[in-house]
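# Structure at a glance
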Amino acid sequence: MEDDMFSGIVDGAHLESKVLQKLQKNFMQVQNILDQNRLLINEINQNQESKIPVNLTRNAGLIRELNNNIRRVVDLYADLSSSFTKSMEASSEADSAGTSKSDGNKRIRPSS
């Protein structure tokens, strides 16, 4: 019984480490895309202010690139959310499988 509890803790720690690595990787990707978007927006603004036809035409492509980057950020955040939810569910399952709580351990709040 005790071995099961410890293996659950070890598996949970391994899972948590993998999730943290994935979260960190995705956040780094998001930050890189957001940095690129800042540069794109600056260039779009400069082109718009210049009123030069070639620059205004170039903005169409830059805006498409910006929109694609925004889609990528949304996808990465969706992946982050999914990974986080799965890790929390796995953690919750590991907690409930690894420990048993009795009603005597519950804290009762005084009513206001």
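Right, let's walk through the structure included here. Here the structure is a predicted model, which means the values were calculated and not measured. The written sequence of each chain sets the order in which its residues are numbered from 1. Only residues with pLDDT of 70 or above have their local features reported here, since the model is predicted, and side-chain atom pairs are shown and tallied only from 80 upward, although totals for entire chains, interfaces and linings are computed over all residues. Note that water and hydrogens are dropped before the side-chain values are worked out from all heavy atoms of the structure.

## So, the environment of Asn67
- Helix numbering and strand numbering both begin at the N terminus, where a helix is a DSSP run of H or I of at least 4 residues and a strand a DSSP run of E of at least 2. The residue Asn67 is located in helix H2 (residues 53-98) in this model.
- Each residue is assigned to one of three classes by its accessible area relative to the maximum for its type, calculated with a 1.4 Å probe on protein chains only: buried under 20%, partly exposed between the two thresholds, exposed over 50%. Taking relative accessible area as the criterion, Asn67 reaches 36% and is therefore assigned partly exposed.

## Focus: unusual backbone geometry
- For Lys51, which is not a glycine, the phi torsion comes out positive at approximately 60 degrees.
- Checked against the element boundaries, Lys51 lands in the loop between helix H1 (2-50) and H2.

## Remarks on the side chain of Asn26
- Mapped onto the elements of the fold, Asn26 is located in helix H1.
- For Asn26, a relative accessible area of 5% translates into the label buried.
- Contacts are assigned to residue pairs with any non-hydrogen atoms lying within 4.5 Å of each other. Those residues within four positions of Asn26 in sequence are excluded, and the remaining contacts are Leu76, Asp79 and Leu80.

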